[in-house]
Amino acid sequence: MMEHRIVIPHHFRWMAAGNKKLYIEYIKGYIKSSHPGLKPKRVEGRYVICVKK
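Note that the structure is predicted; figures quoted are calculated from it, not measured. Residue numbering note: each chain is counted from 1, following its sequence as written. Residues qualify for local features only when their pLDDT is at least 70, as the model is predicted, and side-chain atom pairs are given and counted only at 80 or more; totals for whole chains, interfaces and linings, by contrast, use all residues. Computation of side-chain values: all heavy atoms of the structure, hydrogens and water removed.

(A) Quick peek at the overall build of the chain. Helical segments are the DSSP runs of H or I of at least four residues, strand segments are the runs of E of at least two, and each set is numbered from the N terminus. Scanning the chain from N- to C-terminus turns up 2 helices and 3 strands. Each helix (α) and strand (β) of the chain, taken in turn from the N terminus, gives the series β-α-α-β-β. The reference for a compact globule is 2.2 Å times residues^0.38; the radius of gyration itself is calculated from the C-alpha atoms. Rg of the C-alpha trace for the chain: 11 Å, near the compact-globule value of 10 Å for 53 residues, within the 12% margin. The C-alpha extent of the chain, read off along each of the three principal axes, is 35 × 20 × 15 Å. Considering the chain as a whole, with its 53 residues, one finds that 25% of them fall into the buried category. For the chain, the exposed area adds up to about 4200 Å²; of that, 58% sits on carbon and sulfur atoms. Buried residues are those whose accessible area, probed at 1.4 Å on protein chains only, stays under 20% of the maximum for their type, while exposed residues exceed 50% and partly exposed ones sit between those limits. Each accessible area is a Shrake-Rupley estimate made with a 1.4 Å probe; only the visible protein chains count as cover when residues are assessed.

Take a look at the structure:
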């Protein structure tokens, strides 16, 4: 299964203000709206690793 690396917008970390749960929700919402054909699997630093739905 091919994985895609998507850069996480840097302002999500600032907006979450240390709240990890909120940060993950921002990432999920971003992927859902900007990359609807992908499903997030994990976060690696500044990237979210996604696979096709």
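(B) Seen up close, the environment of Val7. As for its position among the elements, Val7 is in strand β1 (residues 3–7). Distance from Val7 to Pro36, taken between C-alpha atoms, is 15 Å for residues 29 residues apart in sequence.

(C) A look at helix α2 (residues 20–34). Multiplying 1.5 Å by the helix residue count minus one yields the expected span of that helix. Taking 1.5 Å of rise per residue, 15 residues should cover 21 Å, and α2 covers 21 Å from first to last C-alpha, within 8% of that figure. Listed as buried for α2 are Tyr23, Ile27 and Ile31. One face of α2 carries all of its buried residues, which in axial projection span an arc of 70 degrees. Facing away from the buried surface of α2 by more than 90 degrees, the exposed residues are Lys21, Lys32 and Ser33. Its side-chain oxygen at 3.2 Å from the backbone nitrogen of Lys21, Asn19 defines the N-terminal cap of α2. What the arc covers is the set of directions going from the helix axis to the C-beta atoms. Side-chain atoms alone can form a polar contact between residues adjacent in sequence; in general such a contact is a pair of N or O atoms within 3.5 Å, and within protein one must be able to donate a hydrogen while the other accepts it.

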